[in-house]
Amino acid sequence: NAAKIDSADTKLTAKIESADLELLNSSAMSSLRAGRLEEASDYLKKSLQIKETINALFMMAEVEKDLGNWEKSVEIYRHLIQMNGLDLKQKSNALTNLGLLYLERGEEQLTLGYLRSAAFMDEQNWLNNRILGNAYARFDRWEDALMQYRFALSKQYNLENVMNLAQANGKLNNIDIANYY
């Protein structure tokens, strides 16, 4: 009889935790929408104590960044890229976010390393090429920026990609090409 009670208790506990998890995550989302970052952080911490989910970790990393906890955000993204169960797009997003965090600090090698990894991992995502191009431009590496802007434009023809390509050509004194775009 004791084993049956334990089994029932385990199932009940799992149901309660699942409901708690859903409530905590939806409360965190509501707090985020209302701009209450500390409150969202508290809900997410409680949620992650019950079960570590990929979506909650992504939210927590962004909340920590917005709260100015740069190191904590980096730590969470690094943890995410090590996790099993991440699909290619999620891993690429985590790498991109890490690269952007290092870009804020002006750390060229780490920025470009993470952003190149993201662009390589998700080659169909033109936005990764644009972000990498913008990072190269920030570090005055216009040849590299031009190449990434070309990749982005070849995948997605839009005004911002055209403008980035024109700017890079202008910086490289390719005036005829810049004027064409």
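To start, this report covers the structure provided alongside it.

Conventions used here
Residues numbered from 1 in each chain as written. Predicted model: local features only at pLDDT ≥ 70, side-chain atom pairs only at ≥ 80, totals over all residues. Heavy atoms only, no water. Axes fitted to C-alpha atoms, helices over the stretch in contact; angles between N-to-C directions. Helix = DSSP H or I, 4+ residues; strand = E, 2+ residues; numbered from the N terminus. Left-handed = near helix turned anticlockwise from the far one by under 90°. Contact = heavy atoms within 4.5 Å. Nonpolar A, V, L, I, M, F, W, Y, C, P; charged D, E, K, R; others polar. Core = buried A, V, L, I, M, F, W, Y, C linked by side-chain atoms within 4.5 Å. Buried < 20%, exposed > 50% of the residue type's maximum accessible area, 1.4 Å probe, protein only. Parallel < 35°, antiparallel > 145°, perpendicular 65-115°, else oblique. Phe/Tyr/Trp six-rings, centres within 6.5 Å; stacked < 30°, edge-to-face > 60°. Lys NZ or Arg CZ within 6 Å of the ring centre and 35° of its normal. Expected span 1.5 Å × (residues − 1). Arc of directions from axis to C-beta.

The next subject is the packing of helix H2 (residues 37–50) against helix H3 (residues 54–66). Where H2 contacts H3, the two axes come as close as 10 Å, and the packing angle between them is 145 degrees. For H2 against H3, the interelement crossing comes out left-handed. Mapping the contact onto sequence places Leu37, Ala40, Ser41, Leu44, Lys45, Ser47 and Leu48 in H2 and Ala56, Leu57, Met59, Met60, Val63, Glu64 and Asp66 in H3. Of the residues assigned to the contact of H2 with H3, the class counts are nine nonpolar, two polar and three charged.

Turning to the nonpolar core, a few remarks are in order. Within the largest apolar cluster, 27 residues are counted, with the highest numbers of intra-cluster contacts made by Leu44, Tyr77, Leu80 and Leu98. Secondary structure elements with two or more residues in this core: H2, H3, helix H4 (70–82), helix H5 (88–104) and helix H6 (108–121). If one sorts the elements of this core by residue count, H3 sits on top with eight residues. Membership of the second largest hydrophobic core comes to 18 residues, among which are Leu112, Leu153, Val162 and Leu165.

It is worth spelling out the environment of serine 26 at this point. Inspection of the secondary structure puts serine 26 in helix H1 (residues 2–33). Between the alpha carbons of serine 26 and leucine 44 there is a distance of 9.6 Å; along the sequence they are 18 residues apart.

It is worth spelling out the packing of H5 against helix H7 (residues 126–138) at this point. Between H5 and H7, the least distance of the axes is 11 Å, while the angle of their chain directions is 20 degrees. Of the possible angle classes, the one that applies to H5 and H7 is roughly parallel. By crossing handedness, the relation of H5 to H7 is classed as left-handed. Packed against H5, whose contacting residues are Ser92, Thr96, Leu100, Leu103 and Glu104, the element H7 presents Asn128, Ile131, Ala135 and Arg138 at the interface. Its residues assigned to classes, the contact of H5 with H7 shows four nonpolar, three polar and two charged.

Our next topic: the packing of aromatic side chains. Scanning the entire structure with this criterion turns up three aromatic pairs. Summarising the aromatic geometry, the rings of phenylalanine 58 and tyrosine 77 are spaced 6.0 Å apart at their centres and angled 65 degrees between planes, so their arrangement reads as edge-to-face. Of this pair, phenylalanine 58 sits in helix H3 while tyrosine 77 sits in helix H4, and the two are 19 residues apart along the sequence. Across this residue pair, the class does not change: phenylalanine 58 and tyrosine 77 are buried. With centroids separated by 5.8 Å and ring planes inclined at 10 degrees, the aromatic side chains of tyrosine 102 and tyrosine 114 adopt a geometry described as stacked. Of the two residues, tyrosine 102 is situated in helix H5 and tyrosine 114 in helix H6; the sequence distance between them amounts to twelve residues. The same class applies to tyrosine 102 as to tyrosine 114, namely buried. Ring-pair connections join several aromatic residues into one group, and the members of that group are Trp70, Tyr102 and Tyr114. We note arginine 105 situated over the ring of tryptophan 70; from NZ or CZ to the ring centre the distance is 3.9 Å.

Next up on the list: H4. With 13 residues, H4 extends 19 Å between its outermost C-alpha atoms, agreeing within 8% with the 18 Å of an ideal straight helix rising 1.5 Å per residue. Taken together, the buried positions of H4 are occupied by Trp70, Ser73, Val74, Ile76, Tyr77, Leu80 and Ile81. What you see down the axis of H4 is that its buried residues fit within an arc of 165 degrees, all on one side. With respect to the buried face of H4, the exposed residues turned more than 90 degrees away are Glu71 and Gln82. Elements in contact with the buried residues of H4: H3, H5 and H6.

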